[in-house]
Amino acid sequence: MNQNQNQQKVQNPETQIQKTPQMNDRDFINDILTTEKYMTTSYTQALHEASHDQLYQDLLGIYTETSNAQRSLYNLMFKKGWYAIEAADSQKLQQSHQQFQGYMNQFPHGGQLQ
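Residues numbered from 1 in each chain as written. Predicted model: local features only at pLDDT ≥ 70, side-chain atom pairs only at ≥ 80, totals over all residues. Heavy atoms only, no water.

Visitor: Help me get a handle on the overall build of the protein, residues and values and all.
Guide: Scanning the protein for helices and strands turns up 4 helices and 2 strands. Taken from the N to the C terminus, the helices and strands of the protein come in the order α-β-α-α-β-α. For the protein, the proportion of its 114 residues judged to be buried stands at 14%. Sequence separation of at least 24 residues holds for 71% of the intrachain contacts in the protein that already meet a minimum separation of 6. (Helix = DSSP H or I, 4+ residues; strand = E, 2+ residues; numbered from the N terminus. Buried < 20%, exposed > 50% of the residue type's maximum accessible area, 1.4 Å probe, protein only. Contact = heavy atoms within 4.5 Å.)

Visitor: Any chance you could break down the nonpolar core for me, citing the residues and the numbers?
Guide: Counting 8 residues, the largest nonpolar core is built from I17, I29, L33, L73, Y74, M77, F78 and W82. Listing elements by their share of this core, those giving two or more residues are α2 (25-49) and α3 (53-79). Sort the elements by how many residues they give to this core and α3 lands first, with 4 residues. (Core = buried A, V, L, I, M, F, W, Y, C linked by side-chain atoms within 4.5 Å.)

Visitor: Kindly report on the packing of aromatic side chains, identifying the contributing residues and their values.
Guide: Both the distance between ring centres and the angle between the ring planes are used here to describe each pair of aromatic rings. The full count for this structure, using the stated rule, is 3 aromatic pairs. Seen in terms of ring centroids, F100 and Y103 are 5.2 Å apart; in terms of plane orientation they differ by 80°. Their pairing is edge-to-face. A residue pair is termed a helical-turn pair when its members lie 3 or 4 positions apart in one helix, as F100 and Y103 do in helix α4 (residues 90-104) at 3 residues. Under the relative-accessibility criterion, F100 is labelled partly exposed at 49%. (Phe/Tyr/Trp six-rings, centres within 6.5 Å; stacked < 30°, edge-to-face > 60°.)

Visitor: Give a detailed account of the packing of α2 against α3, specifying residues and quantitative values.
Guide: Running from amino to carboxyl end, α2 crosses α3 at an angle of 150°, the nearest separation of the two axes being 9 Å. Relative to α3, the element α2 is oriented roughly antiparallel. When the axes of α2 and α3 are compared, the crossing they make is left-handed. For the contact of α2 with α3, a count of residues per class yields 17 nonpolar, 6 polar and 3 charged. (Axes fitted to C-alpha atoms, helices over the stretch in contact; angles between N-to-C directions. Parallel < 35°, antiparallel > 145°, perpendicular 65-115°, else oblique. Left-handed = near helix turned anticlockwise from the far one by under 90°. Nonpolar A, V, L, I, M, F, W, Y, C, P; charged D, E, K, R; others polar.)

Visitor: Tell me about α3, and please be specific about residues and values.
Guide: Between the first and last C-alpha of α3 there are 38 Å, a value that for 27 residues agrees with the 39 Å anticipated at 1.5 Å per step. Within α3 the residues assigned to the buried category are L59, T66, L73, Y74, M77 and F78. The secondary structure elements touched by the buried residues of α3 are β1 (9-10), α2 and β2 (85-86). Immediately beyond the C-terminal end of α3, within one or two residues, lies G81, with a positive phi of roughly 80°. (Expected span 1.5 Å × (residues − 1).)

Visitor: Explain the side chain of N24 residue by residue, including any values.
Guide: Mapped onto the elements of the fold, N24 is located in the loop between β1 and α2. Of the residues examined, N24 reaches a relative accessible area of 14% and is grouped as buried. At 3.1 Å, the side chain of N24 forms a polar contact with the backbone nitrogen of R26. (Polar contact = N/O pair within 3.5 Å; in protein donor to acceptor, adjacent residues only side chain to side chain.)

Visitor: So what about the side chain of T66? Which residues, and what values?
Guide: In this fold, T66 is placed in helix α3. Those residues in contact with T66 that lie beyond four places of it in its chain are E36, M39, T40 and Y43.

Structure representation (structure tokens):
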């Protein structure tokens, strides 16, 4: 793989904002997105450990709302060009696919639903 492929990004044109010492819209949204990611992770842990069914259902509802808020913030930042992702290398994708296909054979019934 050449160096160009390592640096390939998928990103929209960046919405320009004034750079000042004060927080701007991008800073606020990024801060909220980071908080939502932390909260989603924390709710996931709580869901794994909830033994009471009603508590589990309440946490699941909160988790879903938090996860949806996180996705909306990500979409907003991506749309404004404030969040870039790396372009997938097709060779790496194929290798990962083959690796996980191999894992399927380790499951009972070869990973097939019965």
